[in-house]
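Spelled out, the chains give:
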Amino acid sequence: MTASPAPPRIVIVGGGAGGLELATRLGDRLGRRGRAQVTLIDKARAHLWKPLLHEVAAGSMDLGQHELDYLAQAHWHHFRYLVGEMVDLDRERREVEIAPFIDEDGVEVTPRHRFPYDVLVMAVGGVTNDFGTPGAAPFAVMLDTPGEAARFHRRLVNACMRAQSQTEPLRPEQLQVAIIGAGATGVELAAELHKTTRELVAYGLDRIDPEKDIRLTVIEAADRILPALPKRISEATQKLLAERRIQVLTGARVAEVTASGVRLADGRQIPAELVVWAAGVKAPPFLRDLGGLETNRLNQLVVGANLQTTRDPAVFALGDCASCPWLGTEYRVPPRAQAAHQQASHLIRELPRYLGGETPRPYQYRDFGSLVSLGRHSTVGTLMGNLIGGSILIEGLFARFMYVSLYKMHEYALHGFSKVALDTLARMITRRTEPQVKLH
Ligand SMILES: Cc1cc2nc3c(=O)[nH]c(=O)nc-3n(C[C@H](O)[C@H](O)[C@H](O)COP(=O)(O)OP(=O)(O)OC[C@H]3O[C@@H](n4cnc5c(N)ncnc54)[C@H](O)[C@@H]3O)c2cc1C
């Protein structure tokens, strides 16, 4: 009698918008029946869908209610989870190298080790690109992780408490927030902060007058806000920001971030106690020359349309860390949650074919449009993008519904219908019994 061959080892690095959906559904499809051993490696212990980070930063979302433990998800969906940061790749031996995981007390939890694979999927996402601007790293907050978003929120609450308790007049930069980058993240954060700072102050911080004392400034180098989206959305959004008296500076290049604000290239100083850098994305620097794989100037792994890296068919990449052709156009697929979601769905179908010896089919990006949320009641965006050979502008409740459904689709891919319905109901109930803004 011959022993049956060991199941192929699929290793996914990065459990974000794309990687966690892939691990979950491959676990259900292949891991459950022992047809493959699926392993997810992530440097974090819990997952949060990244487009929610600006709400965590502003305090309108409780991180604890939306974080998902990797260990529990792995248990429920038949994959293995390893905590640790991937730092290197040995393509000859087909092993990834993982750095030691050190806890907040400086104690080693897992040692440096190597982990073998037959198929590797890189899904490590992106990080904020500060383009080497002086002062950006020490003085600006980047919204790359839930920890950073929560840190920004604590600094915001502390700034309000400090202003409330001091007897002398406010310094010029006090309670001023500068947001660098008027892409979707910067604009949504400004609108969310406008709402939550007012709610925060209403909890007894009576020495602060939000209209007079709190100023939000969005700084954008391009000549309009939301430069990557159609002009009609920029104009509609600009109007909504103006109604909230959020200052918008366009055509303004940041030369330096300092402890007391932002200096622009034309010499203007924007006083700010809190600075958020929300402009530009690149892939994590460790990808450059990782195992000799091809990368572009943003450190993204270059992949063909079937999501295989150009120099190694056993290594796939998806999401923000991949530079993938957008078939039928001269562009590359943009770094968006909907792209990561679609690419994960594509690999769920194609990886079993690849393991069966077939060539994976090409992935076609479908642009379903873009939506920008300016709080609970104002959402604008385009729908369908190039699917209908153009786009239609949508606003109001319908746009809000479409915006929320993006996250619901992600939750649905991770949990299925009944858990999403129950979770949504539970959150609706707790929202009624808790403050609308996080106060600590
Ligand atoms: C504030 C904000 C708002 C956004 N809003 C929107 C939006 O409204 N709509 C939209 O379409 N897109 C939005 N995006 C972009 C969207 O979040 C990303 O395109 C999407 O999350 C990319 O998914 P991903 O799977 O490639 O990576 P991510 O979701 O970024 O996940 C990457 C994962 O890899 C892990 N990781 C990283 N490095 C390592 C390593 N070395 N070893 C192990 N694990 C590692 C991380 O911990 C993380 O879990 C937003 C992004 C931000 C930051």
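Structure shown above.
Residues numbered from 1 in each chain as written. Predicted model: local features only at pLDDT ≥ 70, side-chain atom pairs only at ≥ 80, totals over all residues. Heavy atoms only, no water.

Caption draft 1: Here's a closer look at the overall build of the protein chain. Within the protein chain one finds 12 helices and 28 strands. Compactness check: the protein chain gives a C-alpha radius of gyration of 23 Å against a globular reference of 22 Å for 440 residues, within 12% of the reference. For the protein chain, the C-alpha atoms occupy an extent of roughly 85 × 55 × 45 Å along the three principal directions. Taken across its 440 residues, the protein chain has 51% of its residues classed as buried. Summarising the internal contacts of the protein chain: among those between residues at least 6 apart in sequence, 63% fall at separations of at least 24. Within the protein chain, the 49 negative side-chain charges are centred at a point lying 4 Å from the centre of the 52 positive side-chain charges. (Helix = DSSP H or I, 4+ residues; strand = E, 2+ residues; numbered from the N terminus. Rg over C-alpha atoms; globule rule 2.2 N^0.38 Å. Buried < 20%, exposed > 50% of the residue type's maximum accessible area, 1.4 Å probe, protein only. Contact = heavy atoms within 4.5 Å. Lys, Arg positive; Asp, Glu negative; His and termini not counted. Charge placed at Lys NZ, Arg CZ, Asp CG, Glu CD.)

Caption draft 2: Seen up close, the site of the ligand. Taken together, 29 residues surround the ligand, and among them G18, D42, M86, D320 and A337 come closest. Within the backbone of A337, one N or O atom sits 2.9 Å away from an oxygen atom of the ligand. Calculation on the ligand without its partners gives an accessible area of 1000 Å², and the protein chains cover 88% of this total. Sorting elements by how many residues they give to the shell around the ligand places helix α10 (residues 337–355) first, with 3 residues. Along the lines of polarity and charge, the residues of the shell around the ligand split into 13 nonpolar, 10 polar and 6 charged. (Near = heavy atom within 4 Å. Polar contact = N/O pair within 3.5 Å; in protein donor to acceptor, adjacent residues only side chain to side chain. Areas by Shrake-Rupley, 256 points an atom, 1.4 Å probe, with all protein chains shown as cover. Nonpolar A, V, L, I, M, F, W, Y, C, P; charged D, E, K, R; others polar.)

Caption draft 3: Geometry of the pattern of salt bridges. Counting across every chain of the model gives 23 salt bridges. Notably, a salt bridge pairs E173 with R171, separated by 3.0 Å at the nearest N-O pair. In this structure E173 comes out as buried when scored by relative accessible area, which is 15%. Judged by its relative accessible area of 42%, R171 is partly exposed. (Salt bridge = Lys/Arg side-chain N within 4 Å of Asp/Glu carboxyl O.)

Caption draft 4: A look at helix α7 (residues 184–201). Look at α7: 26 Å from first C-alpha to last across 18 residues, which is about the 26 Å you get at 1.5 Å a residue. Most of α7 is tucked away: 14 of the 18 residues are buried. (Expected span 1.5 Å × (residues − 1).)

Caption draft 5: Inspection of a positive patch on the surface at higher detail. Together, R25, R29, R33, R35 and R349 give the surface a local cluster of positive charge. Positionally, R349 belongs in helix α10. Assessed through its relative accessible area of 44%, R349 is described here as partly exposed. (Patch = residues over 30% accessible without salt bridge, like charges linked within 9 Å, V, L, I, M, F, W, Y side chains within 5 Å.)

Caption draft 6: Up close: the sheet that holds strand β17 (residues 254–258). Spatial ordering of the open sheet is given by β17-β18-β19, a layout of 3 strands whose pairing is antiparallel. Of all strands in the sheet, those bounded by a partner on one side alone are β17 and β19 (269–271). Across the sheet, the mean angle from the axis of one strand to that of its neighbour is 20°, orientation sign disregarded. Sheet topology note: the β17/strand β18 (residues 261–264) ladder contains 4 bridges and is antiparallel. What sits directly across from E256, in β18, is R263. (Pairing = 2+ DSSP bridges. Axes fitted to C-alpha atoms, helices over the stretch in contact; angles between N-to-C directions.)

Caption draft 7: Quick look at the pairing of β18. Hairpin geometry of β17 and β18 is characterised by an intervening segment of 2 residues between the two adjacent antiparallel strands. Relative to β19, β18 runs antiparallel, the two sharing 3 bridges. Note on β19: the bridge partner recorded for G261 is P271.

Caption draft 8: Quick look at the packing of helix α1 (residues 19–31) against helix α11 (residues 396–415). Where α1 contacts α11, the axes come no closer than 8 Å and their chain directions differ by 30°. When the interaxial angle is binned, α1 and α11 end up roughly parallel. Helix-helix and strand crossings are classified by hand; for α1 and α11 the assignment is left-handed. When α1 is examined against α11, the residues L20, E21, T24 and R25 are found in contact with a partner set consisting of H410, A413 and L414. When the residues that make up the contact of α1 with α11 are grouped by side-chain class, the tally is 3 nonpolar, 2 polar and 2 charged. (Parallel < 35°, antiparallel > 145°, perpendicular 65-115°, else oblique. Left-handed = near helix turned anticlockwise from the far one by under 90°.)

Caption draft 9: Representation of unusual backbone geometry. Even without a glycine there, the phi angle at R94 is positive, about 55°. Take R94: it is sitting in the loop between β6 (86–90) and β7 (95–98). Phi angles above zero are rare outside glycine, and L175 is one such case at about 60°. Here L175 lies in the loop between α6 (146–165) and β14 (176–180). L175 sits in the buried class, given a relative accessible area of 5%.

Caption draft 10: Structural view of the environment of G59. With respect to the helices, strands and loops of the structure, G59 is situated in the loop between α2 (53–58) and α3 (63–66). The exposure class of G59 is buried, given its relative accessible area of 2%.

Caption draft 11: Here's a closer look at α6. Taking 1.5 Å per residue, 20 residues should reach 28 Å; α6 reaches 29 Å between its end C-alpha atoms and fits that length. Buried within α6 are the following residues: A149, A150, F152, H153, L156, V157, A159, C160, A163 and Q164. Lining the buried residues of α6 we find α2, β13 (140–142), β14, α7 and β20 (274–277).

Caption draft 12: Seen up close, the state of the cysteines. Counted according to the given criterion, the structure contains 0 disulfides. As a non-bridged cysteine, C321 has C324 as the owner of its nearest cysteine sulfur, 11 Å distant. C324 sits in the buried class, given a relative accessible area of 1%. (Disulfide = S-S within 2.5 Å.)

Caption draft 13: Region of interest: the packing of aromatic side chains. According to the stated counting rule, one finds 5 aromatic pairs in the structure shown. Relative to Y354, the ring of F316 has its centre 5.3 Å away and its plane inclined at 80°; by these criteria the two rings are edge-to-face. You can see F316 sitting in strand β24 (residues 312–317) and its partner Y354 sitting in helix α10, a full 38 residues away along the chain. On the basis of relative accessible area, F316 is assigned to the buried category, the value being 0%. Pairwise contacts between aromatic rings join W326, Y331 and Y365 into one cluster. (Phe/Tyr/Trp six-rings, centres within 6.5 Å; stacked < 30°, edge-to-face > 60°.)

Note that all results are geometric; they support no functional claim without further evidence.
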